[in-house]
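Residues per chain, in single letters:
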Amino acid sequence: MPPVVAIRRLSRRAAAVLTGFALAAGSLTVGAFTADPARAASSGALAAPADFPVRVNQLGYLPDGPKRATVVSSATTPLAWQLLDASGAQVASGSTAVRGADRASGQSTHLVDFGSYTGTGTGFTLVAGGRSSHPFDISASLYDGLRADSMSFFHQQRSGIAIDAALTGSAYARPAGHLGVAPNKGDTSVPCQAGVCDYRADVRGGWYDAGDQGKYVVNGGIATWQVVNSFERARRSGGEAALGDSTLRVPERGNGMPDVLDEARWELEFLMRMQVPAGRPSAGMAFHKVHDSAWTALPTRPELDDEQRELHRPSTAATLNLAATAAQCARVYAPYDAAFAARCLEAARTAWTAAQANPGVLAPATDNTGGGAYEDADVSDEFYWAAAELLATTGEARYRDAVTSSPHHGRPADGFWWGGTATLGRITLATVPGVALPAEDRARMRGLLTAAADDHLSTMAGQGYAVPIPATGYGWGSNSAVANNAIMLAVAYELTGAQRYRAGALESLDYLLGRNALDHSYVTGYGERAAQNQHHRFWAHQNDASLPHPPAGSFAGGPNAGLEDPVAKEQLPGCAPAACYVDDIGSYSTNEVAINWNAPLAWLAAFAAERRGASAAPAVQVAPTAVTVAEGGSATVGVRLSAAPSQSVTVTVARASGDPDLSVTAGATLVFTPSDWATARQVSVASAQDADAVAGSAAFTVGGTGVQPGTFTATEADDDAEPPSASCAVVYRVDDSWGNGFTATVTVKNTGTSAISGWTLGWGFAGDQRIGNAWNATVSQSGGTVSARDAGWNGTLAPGAGASFGFQATYSGTNATPARFTLNGAVCS
């Protein structure tokens, strides 16, 4: 298990060295960081150190990335600069470039570019005009810690699970919140608001949204998509191992699932619990949110929250967020858990159908007591996003038609946030291999994304701090806008390989980590002058010394020129847009944390941490990535490579997990040559004819030496009639489980009024479970279908009586409980 990363404290080199320096009038100017140091000291915040007018990424720089800094100075001629190593020796030097007035910061600026220096080490400082920067490192492993800590944020925001000191450190350990354990009143049985529904729902789990303890589907949707997409992108680039199993501090480590996907699954399970069940009004829709009926005080520990939780009425936006993220889940999780992927796809299809039937159910702006409203008056972008994800996963014509007929399909790629998600769909359509769109559509989509990235680079080039938002863009959560636009730059880099886009993404991280108007890192624990009093009800040390500061890797919302909280209004009147921030727990409009802000930070940290050496191997592309196979029939998928291999490669297709009735019957071995790699080869998958009425599914891998593997899923369309129902009940219990085997006990009970004389119990396994031996019944198995016949002496079941039998079996992957049982051919009801 990786160690818990400690917060990097104030300067490794004494900050007091510069504290006494008087800043030369007319040469160097600085902006205020906090307007009231006395208030900060009395409230527990650290008093602001002297400003460092040489602004750098306080974490450091990558050896092969851009290395630029900003100097705050009104000098109209260039200043000499020197790069010093930890010993104080000069290793590079030059002159600044005068940039002059910077509108966003209200400062006069110079630029320093020391990118020609290729050395590595710790404790570098940059000196310009006789003034020094904070110390920083130059290292290829620079972002490894942030990659892990920015993801640990999500684990520590989990609802419904105890946070273990072994994973987070003792200061951050806490009991599970909102499991209905007093004084909590939820989330295992939550009522709706008056008039919304007349039943209760189990909506436990998921992530707390932000500094409060509400859970919102629309915010959870974009955050989950970005976390999963970070893995999807890494898998395309060949860097997925760094996000794989046992790479993060999560309780599921060691289960064969990449840890990033383990973390996202915690939220995905919650999102699917928010879907209105069949048979209820608005079935298939998703409740918009769940939170307390009244705002809780600050601080409030999750397990001590005694407010009533409430479900808020379903909305079209929430339903489409569920459709999009569940469709993404279906393709990304398929190689690791076919049953879960199939469940995601079913939820996505159901949500899409429900949203089409209810296209205008909008969340009202007035529903903001106890939690944010998250209102959205235009859901056409969510329809486009959901259709894009379903198309990328299934290849089905109805989703392609929804994509191509959407007004968003031809529009420029705009910025994305929880209320504007069309570009998430554009990214999927442009990057997921094998999307069933015409080639010209794919090319145009890529062009739209790179054009948007070029606009961001142009914005950065005109500023003193190289930020991918304009001076008018500093609103609530401005840092998330910076991070999201940086993702657009990274996507353009993936699509083109052009280094200017990677440089833009990395320089955006420079801004977030200290190269900014306030000489301040907005990420807790990263930088000599980092945020530590973010708005949160548990990480609330500033209000209660018994509680911790936010953990390393937590991301502040950032400058907000609107000054939308009392603390900001008091301390920041007249601030320049990029300086409208205060590290105070009460400043929720500038200093709150949120899952949809940490998600792009985690995405960028994984991107920045990825080692880039030789060109990546070609990727296997499969289209479609999900097929339906009629029972007794077959279906085909196309397989090709993303680029020419250096030499001929052999690709094999094999079932990785799931129903053994589904198998490859043609195209199991394919050969691609350097001159013949782009033509799709056909692979046939067949479904065996059987007598059960269970529609199984299976995940297939497509790979080989010298290529990045691909995957697809196949689902059987069962043609057997549904058997009649019977008066019986079945309890299936796994008694013991080990690495590749388990024992189970099955109890069948007669719930009818007549005796049963002789019984045969049947069920189907969704995975590759194989029964080896059994007791108290005669058990046989064909594929995934199991039949258990009474042992004679236990063949008669009187009304209310039951019989039990057991078995031992092997398995790999998942070991899901059978979904349905039949007694003498009839379904137990």
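Please read these numbers as outputs of a predicted model, since none were measured by experiment. Starting from 1, residues in each chain are numbered consecutively following that chain's sequence as written. Since the coordinates come from a predicted model, pLDDT governs what is reported: local features require at least 70, and pairs of side-chain atoms require 80 or more to be given and counted, while whole-chain, interface and lining totals use all residues. Computation of side-chain values: all heavy atoms of the structure, hydrogens and water removed.

Caption draft 1: Highlighting the pattern of salt bridges. Only one rule defines a salt bridge in this text: a Lys or Arg side-chain nitrogen within 4 Å of an Asp or Glu carboxyl oxygen. Applying the stated criterion across every chain, the model contains 28 salt bridges. The shortest N-O distance in the salt bridge between R68 and E507 comes to 3.0 Å. Of this pair, R68 sits in strand β3 (residues 68-72) while E507 sits in helix α14 (residues 499-512), and the two are 439 residues apart along the sequence. Looking at R68, the relative accessible area reads 22%, which means it is partly exposed. With a 1.4 Å probe rolled over the protein chains alone, any residue whose accessible area is under 20% of its type maximum counts as buried; one over 50% counts as exposed, and the rest are partly exposed. Classification of E507 by relative accessible area gives buried; the value is 8%. R309 is paired through a salt bridge with D187; the nearest N and O atoms lie 2.7 Å apart. In this pair, R309 is assigned in strand β16 (residues 309-311) and D187 in the loop between α4 (165-168) and β11 (190-191), connecting sequence segments 122 residues apart. Residue classification places R309 among the buried positions, given a relative accessible area of 1%. Beyond isolated ion pairs, a larger network of salt bridges with shared partners links D187, K215, D292 and R309. Numbering of helices and strands runs from the N terminus; a helix is a DSSP stretch of H or I covering at least four residues, while a strand is a stretch of E covering at least two.

Caption draft 2: The packing of aromatic side chains, seen in detail. Each Phe, Tyr or Trp ring, with Trp reduced to its six-membered ring, pairs with another whose centre is within 6.5 Å; inter-plane angles below 30 degrees give stacked pairs, above 60 give edge-to-face pairs, and intermediate values give tilted ones. Throughout the structure, instances matching the rule amount to 33 aromatic pairs. On the basis of an interplanar angle of 50° and a centroid distance of 4.7 Å, the ring pair of F154 and W207 is categorised as tilted. With a gap of 53 residues between them, F154 in helix α3 (residues 144-156) and W207 in the loop between β12 (200-201) and β13 (215-216) connect regions that are remote in the sequence. As far as the burial class goes, F154 and W207 line up, both buried. Taken together, Y732, F742, W759, W763, F765, F805, F807, Y811 and F821 form an aromatic cluster joined through their ring pairs. Its guanidinium or amino end placed over the ring of F340, R265 lies 3.8 Å from that ring's centre, counting from NZ or CZ. In our convention, an over-ring charge means Lys NZ or Arg CZ found within 6 Å of a ring centre and within 35 degrees of that ring's normal. Directly above the ring of Y199 sits R280, whose terminal nitrogen or CZ lies 4.1 Å from the centroid.

Caption draft 3: Just the packing of helix α5 (residues 217-237) against helix α7 (residues 316-332), in detail. Helix axes are fitted to C-alpha atoms over the stretch in contact, other axes to C-alpha atoms as well, and angles between N-to-C directions run from 0 to 180 degrees. One way to put it is that α5 packs onto α7 with a least axis distance of 9 Å and a crossing angle of 20°. Here α5 lies roughly parallel to α7, going by the angle between them. Pair α5 / α7 crosses with left-handed handedness. Facing α5, whose interface residues are V217, V218, G221, I222, T224, W225, V228, N229, F231, E232 and R235, α7 presents A317, A318, N321, T325, Q328, R331 and V332. Gly is placed with the polar residues, together with every amino acid not listed as nonpolar (Ala, Val, Leu, Ile, Met, Phe, Trp, Tyr, Cys and Pro) or charged (Asp, Glu, Lys and Arg). Residues belonging to the contact of α5 with α7 are distributed by class as follows: nine nonpolar, six polar and three charged. Any angle from 65 to 115 degrees is called roughly perpendicular, while one under 35 is roughly parallel, one over 145 is roughly antiparallel, and all others are oblique. Working rule for handedness: look at the near helix, and if it is turned counterclockwise from the far one by less than a right angle, call the crossing left-handed; if clockwise, right-handed. The criterion used for residue contact is that any of the two residues' heavy atoms lie within 4.5 Å.

Caption draft 4: Representation of the environment of Q193 in the model. In this fold, Q193 is placed in the loop between β11 and β12. Here the alpha-carbon distance between Q193 and H134, two residues 59 residues apart in the chain, equals 52 Å. The contacts of Q193, once residues within four sequence positions are left out, are E310, L311, H312 and D367.

Caption draft 5: Geometry of the side chain of D305. Within the secondary structure, D305 is located in the loop between β15 (289-292) and β16. Apart from residues no more than four positions distant in its own chain, D305 is found in contact with H178, P183, N184, Q213, D292, T296 and T300.

Caption draft 6: Up close: the nonpolar core. The term nonpolar core refers to a set of buried residues drawn from Ala, Val, Leu, Ile, Met, Phe, Trp, Tyr and Cys, joined through side-chain atoms within 4.5 Å. Within the largest apolar cluster, 159 residues are counted, with the highest numbers of intra-cluster contacts made by Y143, F154, L311, Y333 and L429. A per-element tally of this core places helix α17 (residues 595-609) first, with twelve residues. When sequence neighbours within four positions are dropped, the list of residues in contact with Y143 reads N57, L59, G60, L62, L509, D510, L513, A605, A608 and A609. A744, A788, A809 and A826 belong to the second-largest nonpolar core, a separate cluster that totals 26 residues.

Caption draft 7: Representation of the state of the cysteines within the structure. Defined by distance alone, a disulfide is two cysteine sulfur atoms within 2.5 Å. Using the criterion set out here, one finds four disulfides in the structure. Between C192 and C197 runs a disulfide, and the two sulfur atoms are separated by 1.9 Å. Of note, the bridge from C192 to C197 carries an S-S torsion of about 95° and is right-handed in sense. On the basis of relative accessibility, which here comes to 11%, the residue C192 falls in the buried class.

Caption draft 8: Local environment of the sheet that holds β15. Strands are treated as partners if at least two bridges between them are detected by DSSP. Taking strand neighbours across the sheet as the criterion, the three strands line up as β13-β15-β16 in an open arrangement whose pairing is antiparallel. In this open sheet, the two edge strands, each paired with only one partner strand, are β13 and β16.

Caption draft 9: Quick look at the sheet that holds β3. The strand order across the open sheet formed by four strands is β1-β3-β7-β6, and the pairing between neighbours is antiparallel. Only two strands of the sheet have a single partner each, and these edge strands are β1 (54-55) and β6 (97-102).

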